[in-house]
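Residues per chain are reported as follows:
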There are 2 protein chains.
Amino acid sequence: MKNYIQPNEWKIVEEGFDPQLNKISESLFSIGNGRMGQRANFEESYTGETLSGNYVAGVYYPDKTRVGWWKNGYPDYFAKVLNAANWVRLDISIDGEVLDLHETKVSDFKRVLHMKEGYLERQFVAELKSGKQVQVIAKRFCSIADDEIAAIHYQLKAMNFSGTITINSAIDGDVKNQDSNYDEKFWDEAAKQYSNDTLFLTMTTKKTAFDVCTAAFTTVSVNQQNIASEGSTQQDKFIANAFTAPVKAGDVLDIYKYACNVTSQNYEKDALHAAAQKAISRAQDKKFDGLFQDQVAAWAAKWVESDILIEGDVAAQQAIRFNIFQLNQTYTGADARLNIGPKGFTGEKYGGSTYWDTEAYCIPFYLATAPQEVAKNLLIYRHNHLQKAIENAEKLGFNGGAALYPMVTMNGEECHNEWEITFEEIHRNGAIAFAIFNYIRYTGDAAYLAEYGLEVLIGIARFWKQRVNWSAEKNNYVILGVTGPNEYENNINNNWYTNILAAWCMRYARESAEYVKSKDAARYAEIVKLTSFKEEQEFADWTSIADQMFYPYSEKEQIFLQQDGYLDKEQMLVSELPAADRPLNQKWSWDRI
Amino acid sequence: MKNYIQPNEWKIVEEGFDPQLNKISESLFSIGNGRMGQRANFEESYTGETLSGNYVAGVYYPDKTRVGWWKNGYPDYFAKVLNAANWVRLDISIDGEVLDLHETKVSDFKRVLHMKEGYLERQFVAELKSGKQVQVIAKRFCSIADDEIAAIHYQLKAMNFSGTITINSAIDGDVKNQDSNYDEKFWDEAAKQYSNDTLFLTMTTKKTAFDVCTAAFTTVSVNQQNIASEGSTQQDKFIANAFTAPVKAGDVLDIYKYACNVTSQNYEKDALHAAAQKAISRAQDKKFDGLFQDQVAAWAAKWVESDILIEGDVAAQQAIRFNIFQLNQTYTGADARLNIGPKGFTGEKYGGSTYWDTEAYCIPFYLATAPQEVAKNLLIYRHNHLQKAIENAEKLGFNGGAALYPMVTMNGEECHNEWEITFEEIHRNGAIAFAIFNYIRYTGDAAYLAEYGLEVLIGIARFWKQRVNWSAEKNNYVILGVTGPNEYENNINNNWYTNILAAWCMRYARESAEYVKSKDAARYAEIVKLTSFKEEQEFADWTSIADQMFYPYSEKEQIFLQQDGYLDKEQMLVSELPAADRPLNQKWSWDRI
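Each value, and the rule that gives it
Residues numbered from 1 in each chain as written. Chains lettered and ligands numbered in written order. Predicted model: local features only at pLDDT ≥ 70, side-chain atom pairs only at ≥ 80, totals over all residues. Heavy atoms only, no water. Helix = DSSP H or I, 4+ residues; strand = E, 2+ residues; numbered from the N terminus. Rg over C-alpha atoms; globule rule 2.2 N^0.38 Å. Buried < 20%, exposed > 50% of the residue type's maximum accessible area, 1.4 Å probe, protein only. Contact = heavy atoms within 4.5 Å. Areas by Shrake-Rupley, 256 points an atom, 1.4 Å probe, with all protein chains shown as cover. Lys, Arg positive; Asp, Glu negative; His and termini not counted. Charge placed at Lys NZ, Arg CZ, Asp CG, Glu CD. Phe/Tyr/Trp six-rings, centres within 6.5 Å; stacked < 30°, edge-to-face > 60°. Lys NZ or Arg CZ within 6 Å of the ring centre and 35° of its normal. Least-squares fit on C-alpha atoms with pLDDT ≥ 70 in both. Pairing = 2+ DSSP bridges. Buried area = accessible area lost by both parts, 1.4 Å probe. Salt bridge = Lys/Arg side-chain N within 4 Å of Asp/Glu carboxyl O. Nonpolar A, V, L, I, M, F, W, Y, C, P; charged D, E, K, R; others polar.

S.K.: So, the overall build of chain A: which residues are in play, and what are the values?
M.R.: When you go through chain A residue by residue, the secondary structure sums to 13 helices and 24 strands. Taking 593 residues into account, the globule formula puts the C-alpha radius of gyration at 25 Å, and chain A, at 27 Å, falls close to it. Along the three orthogonal principal directions, the C-alpha set of chain A runs to about 90 × 60 × 50 Å. Counting all 593 residues of chain A, 58% fall into the buried class. A separation of at least 24 residues holds for 67% of the contacts in chain A among residues at least 6 apart in sequence. Here chain A displays about 23,600 Å² of accessible surface, and carbon together with sulfur accounts for 49% of that area. Mean positive and mean negative side-chain charge positions of chain A (60 and 80 charges, respectively) differ by 1 Å.

Here's what the structure looks like:
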């Protein structure tokens, strides 16, 4: 955690405004609810360094691959979670002077991520060039109790002036991804409307044609007296409504903005507008305080299940809660079509796509802290992608139902394009199988095998069966040309971890098949048919290969080796590395690591 | 060679116009003279598929690196030879109707590359939509007798009409590289002028600030009666002059266009205009026929030296002459600052930069077919880059004067950006050393060692000394993590070729040092000082390492192995590979090759 963040057991706190740190803080203070999320961008205008980020889970764009040097087998595109319509915008002017922290004197700036209650808070005093001062307290959250809804309470106090404040509450769909390979915009406008004092903007993704309808309803009051909306301004991909509020020194202006995102993943396209209207109505009924109470209660329930106490080390307590908070706001397990982007809803890095990190690192967390359906939905996600995994393997020359799960994916198709990872970091396939084992071990839900698991395990075992080759030299099966889990040593032979995982997968697939056969012969017969499973031959192959797998070993040192030839390397302790050379991945060229 | 090319011992011949093949033919029929070159683009307008290409040797742009996944140690830019001002343009209209083979009925189309005489010829009959027919015969060449000059003779016969033909003879500097990483244009305009009926356009490269002045002088006649130029049209980065010629059926229009490229590599910037005027004057004096006679004579001299006869196989005879022709028109040895782009002047592929292919494959050709200064200039090119090679090695963690020559370069700095090649295909360094040995072996010019060679050899030997490591396991020196010359197997250990070349380099460096010491003690002392050479220690290290180098070997098969673990691979004969799988590099994913 960046060291400008103050240690606090339940909060992430930034005090004082440093524009240099703003993009980092926008990431750190991100909020989300599994269905949508956003960076901690300011509501009011900001002309300084910022990366606007609003993300809707599962809504992606296949961005045509761009690499330095094309290699055969690379996928056509990288699926990216999209920067979606920005609904937090509240453009505020005071007697025509724009409130913009880049252009004003800022004091008492504080940004707090309340992890316990699940909301973002920001306070500051700004002095405009005219000398007018305002004090702002802004709170917002994405509701995990009603995951289509989000809300802002933006309170502004006129400190030393009388004048007129104008507020333009906007939904801005004219956004782009910073990581766009060809500097394209990924959205077209589908529709917009202003009705019932509510803004509606429906955007549609290019190529993938996902529709997302974003709606927002805003109220403005001065000293509790409501100000009426003056109607909408509409431009291409943009809609806003305006308020004009006369204030005098000491007056308090309260802005409430309720927004929702509803998508064509969950509604017919022609039902989106009505769904958005309904979501906004729910928010209007509950109001900010009601929504906020639900939010606090929902997070309290999550913390009961998932909190980890670290006593005597505030920074460590803060860090572990930050991790738990991020996992819980990135993925809730409510929808088996969703997964966990490595950076959650905090930015564009890694494209928001699914990696094997889900199975290796995240499933154990959700198993231990959430109802078992959450982990199960993550497993079903991969079951749903089995046919694509078989196609991925076919593209690399495998056949007969062998499945290679992708390194990076949104819809099951491989998106990654580094040959040493895409083609060679195949231990990921083992992580998918091990997650099934792990889930059953933890939950006892062995019925999952018949239900979904066995089909996946057969596909994976078939991959390993074809991926090994017999070495007459070693009188064993070997696995050549892989990248192990350290990711830095590429195209190596007989990575110990990969080999043992491969052997384990083949044994576990056989055990699982035998288990399903013994417990549910009818379903087993169905799976045999579905997968054209040749039981006798495939069992024999898997067992024979697993039993004769090669594991690099040093007789002299009596140790297993990470890979063939490992002991030829110069052996050096971390303590012998000059500090100036660390972190190695930023100081050494790739081949030396 | 594409199979639409007709077998012919001295010519490359295409008959009939197939727009689908045009870009291939533009490459195949390229012409050049070592100083400049160009694709076989049409002179007249063409709205079909085409890649405009005019290149000036040594004039490059450092295009900011663009890769899919950045890795530490990658260079900032890739130096690219630029698509330069297009001076072949002759925009022709007949009674307002543009002559454009994409829009007309084409017959009797023939494109011939006359390799013996060194010129490009094209003939066709075009019928415009109006029914008007013209017959065209166009010849052009880049003079190897006067390498600043090129010339076109474009003859057009009005076959069945009377009317007015307008000719706009242009120099178009508003060109771009198709391979631009960020879709930028690489040139700014520096100056343009129309004087003495001559077009002058000086363009300057962004960042590198090379100036290139292109000039062109055009004459037009009908039935030998000259038509006067109507003066110039000027636009941004563009200049042209116009002619209007009334013709009747049977009339013959002759256009002669003389052009030159002069650059700030060879002249002061403020002297470029005068140099261009001089070059154009030389062309005007000799006229097309005089220049052409010089061209034929110069090529005849080249062929006397470099021809290879293959009897009884016309296609093989054509192919070997095509290779010889390309080498001779890409590099003439006149300038030690120039080198050999892998694709010559035929297109943008490989950026026109210098690869180790120069030393490994091209130097033997020039040694055998050209005065020894040609190969010597190629060696001096690398001597001039020694300091940059030392810096390249430093960037990868080497020190003490160790030199790693780049995989790809224009000015000595590494430009390549694939870790498995840039950092690991280090046998290239051996090729640079071996070329010195080869040159001396062929020419007997051992004095080259004292003059230039030894400094380079010391830098290279120092690199190998630091690149090996001692394997206690093998009780030998090993070289880990390399890419051998097959380029497809990456990050392998103890590539036999690389290891033996490394040992050879260290031995040869010592031998060469001892030779220089014995023959020219004063120069030796100078080199020792220049390179801070610690003779005793470095000699001892090199010999000790070379003597204890590890070479993978199979006792059982009694063969050397390409690399560690080679025999673990599935051994398969080419004849066992399905034809559908070939060529492997287009059918198999990178990891399988």
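S.K.: Give a description of the side chain of Ser554(A) that names residues and reports values.
M.R.: Residue and element names in this part refer to chain A. Looking at the secondary structure, you find Ser554 in strand β23 (residues 553-554). Classification of Ser554 as buried rests on a relative accessible area of 2%. Those residues in contact with Ser554, other than ones at most four positions away along the chain, are Ile559, Leu561 and Leu567.

S.K.: Which residues make up the packing of aromatic side chains, and what are the values?
M.R.: Following the criterion strictly, the structure yields 81 aromatic pairs over all chains and no others. Seen from their ring centres, Trp419(A) and Trp590(B) are 6.2 Å apart, and the 55° between their planes marks the pair as tilted. Of this pair, Trp419(A) sits in helix α7 (residues 419-422) while Trp590(B) is found in the segment after α13 (584-587), placing the two residues in two different chains. In terms of burial, Trp419(A) and Trp590(B) fall into one category: buried. Feature note: the residues Trp419(A), Tyr488(A), Trp590(A), Trp419(B), Tyr488(B) and Trp590(B) constitute an aromatic cluster, connected by ring pairs. Positioned above the aromatic ring of Trp10(B), the side-chain terminus of Arg321(B) is 3.6 Å from the ring centre.

S.K.: Break down the relation of the copies chain A and chain B for me, with residues and values.
M.R.: The two chain copies are related to each other by a rotation about an axis together with a translation along it. Each copy of the sequence occupies a distinct position, and chain A is placed on chain B by a rotation of 179° and an axial shift of 0.1 Å, giving an RMSD of 0.1 Å. Between the two chains, the operation in question is that of a two-fold axis. If distances are taken from each C-alpha of chain A to the rotation axis, the shortest is found for Val67(A), at 2.5 Å.

S.K.: Can you explain the sheet that holds strand β8 (residues 97-98) of chain B? Please cite residues and give values.
M.R.: Hydrogen bonding along the main chain pairs the strands of a sheet, whether they run parallel or antiparallel. All names here are of chain B. If you walk across this open sheet you meet the five strands as β8-β7-β13-β19-β18, and the pairing is antiparallel. Looking at which strands have only one partner, the edges of the open sheet turn out to be β8 and β18 (232-235). Of the strand pairs in this sheet, strand β7 (residues 90-94) and β8 are connected by two bridges, and their pairing is antiparallel. When the bridges of β8 are listed, Ser93 appears paired with Val98.

S.K.: Quick one: what's the story with the interface of chain A and chain B, residue by residue and with numbers?
M.R.: Contact residues are listed per partner, giving 46 residues for chain A and 46 residues for chain B. In this assembly, chain A packs against chain B so that about 3,600 Å² is buried in total across both faces, 48% of it on carbon and sulfur atoms. Considering only the side of chain A, the residues that lose the most area to chain B are Trp69(A), Asn72(A) and Asp568(A), jointly responsible for 21% of the buried surface there. Counting every contact that joins chain A to chain B gives six salt bridges. The salt bridge involving Glu420(B) is made with Lys71(A); its shortest N-O contact spans 3.0 Å. Every element with two or more residues in the side of chain A that touches chain B is listed here: α7, β21 (469-471) and α13 (584-587) of chain A. Residue classes in the side of chain A that touches chain B are distributed as 14 nonpolar, 16 polar and 16 charged.

Everything listed here is a matter of coordinates, which is why it stays silent on function.
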